[in-house]
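Summary of the model geometry
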Amino acid sequence: MRGIVSRVVRGVLISVSVMAGGLHSLGGLSFGHENHPTQMPDPQQTVAFRTYLMENVGANAKEMKGKIDAGKLEEAKMNAAAIALHSTRIAALFPEGSSGDSSRAKEEIWQHWDAFLASATELGTEANALTVAAGENNATSVKEHMQKMFGTCKSCHDQFRKPEE
Ligand code: HEC
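Everything numeric in this text was worked out from a predicted model, so none of it was measured. (Residues numbered from 1 in each chain as written. Predicted model: local features only at pLDDT ≥ 70, side-chain atom pairs only at ≥ 80, totals over all residues.)

Scanning the protein from terminus to terminus reveals six helices and zero strands. Across the protein, helices and strands are ordered from the amino to the carboxyl terminus as α-α-α-α-α-α. Taking all 165 residues of the protein together, 31% fall into the buried category. For the protein, contacts bridging at least 24 residues in sequence account for 72% of all contacts bridging at least 6. (Helix = DSSP H or I, 4+ residues; strand = E, 2+ residues; numbered from the N terminus. Buried ≥ 20, exposed ≤ 12 C-beta atoms within 10 Å, placed from the backbone. Contact = placed C-beta atoms within 7 Å.)

Quick look at the structure:
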């Protein structure tokens, strides 16, 4: 499984790292919109559930960056670990054809499924590497993986998420 996944990932690594190069802050990311659900939606409601999951990824990413900027690497570890865990659910939360009015998912997701999957895998790889680096209190490595991790958010959103209305 890992072997196949990492082979797929390598194909998109170049484009992802090029995009990540310019991303030093959260400037290009939005962390949610007005209609936040107050509790976890039914996991069977695919779009509502994955939006909730993604917003939690966003909340963790924001909190994580704040802690890292403040030098609190150990505390950032659990946010990174949560993002890594969430990333493993992305594939199952985008069944074919699950776009529609309430969703910002683009049709390109299913036209380029391998690239979408590779992007989700890369998010997990970077978030997990960040978790390890934070646990080791290695600031250089933390920053490197943080930049790469935010690169995967941006790259996936640019390719596969419709602009906000
Ligand atoms: C594999 C692709 C992919 C990756 C990687 C990814 N996202 Fe997303 N994200 C999406 C898609 C697609 C949607 C829209 C889902 C929908 O509306 O059905 C979304 C939605 C969101 C939302 C919900 C709010 C909104 O307006 O749509 C937030 C917040 C978000 N992502 C933050 C992040 C952050 C932060 C990261 C990185 C730490 C990240 N995402 C990584 C694909 C991705």
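More follows now that the structure is in view.
Here we take up the site of the ligand. For the ligand, the set of nearby residues contains 30 residues, the closest of which are Met-54, Gly-58, Ser-103, Cys-153 and Cys-156. Residue assignment for the shell around the ligand shows that the elements contributing at least two residues are helix H2 (46-69), helix H5 (113-135) and helix H6 (139-160). Looking at the shell around the ligand element by element, the count peaks at eight residues for H2. (Near = placed C-beta within 6 Å.)

Another point: the nonpolar core. Ala-80, Ala-127, Leu-130, Ala-134 and Val-142 are the most contacted members of the largest nonpolar core, which has 29 residues in total. Of all the secondary structure elements, the ones that give two or more residues to this core are H2, helix H3 (73-87), H5 and H6. Not counting residues within four places of it along the chain, the set of residues in contact with Ala-134 comprises Leu-73, Glu-74, Ala-76, Lys-77, Ala-80 and Val-142. (Core = buried A, V, L, I, M, F, W, Y, C linked by C-beta atoms within 7 Å.)

In this section: the packing of H2 against H3. In the contact formed by H2 and H3, the axes pass within 8 Å of each other and the chain directions differ by 160°. Considering their axes alone, H2 and H3 lie roughly antiparallel with respect to each other. Pair H2 / H3 crosses with left-handed handedness. On H3, the residues that touch Leu-53, Asn-56, Val-57, Asn-60, Ala-61, Glu-63, Met-64, Lys-67 and Ile-68 of H2 are Leu-73, Glu-75, Ala-76, Asn-79, Ala-80, Ala-82, Ile-83 and His-86. In the contact of H2 with H3, the residues fall into 10 nonpolar, four polar and three charged. (Axes fitted to C-alpha atoms, helices over the stretch in contact; angles between N-to-C directions. Parallel < 35°, antiparallel > 145°, perpendicular 65-115°, else oblique. Left-handed = near helix turned anticlockwise from the far one by under 90°. Nonpolar A, V, L, I, M, F, W, Y, C, P; charged D, E, K, R; others polar.)

Another aspect to go through is the environment of Glu-126. In this fold, Glu-126 is placed in helix H5. Beyond its immediate chain neighbours, meaning those up to four positions away, Glu-126 contacts His-145, Lys-148, Met-149 and Thr-152.

Attention now goes to the packing of H5 against H6. Look at H5 against H6: their axes get within 8 Å of each other, and the N-to-C directions meet at 160°. Viewed along their axes, H5 and H6 adopt a mutual orientation that is roughly antiparallel. Here H5 runs over H6; the crossing is left-handed. Between H5, through Phe-116, Ser-119, Glu-122, Leu-123, Glu-126, Ala-127, Ala-129, Leu-130, Ala-133 and Ala-134, and H6, the contact on the second element is made entirely by Ser-141, Val-142, His-145, Met-146, Lys-148, Met-149, Thr-152, Ser-155, Cys-156 and Phe-160.

Without other data, these values stay purely geometric and don't point to any function.
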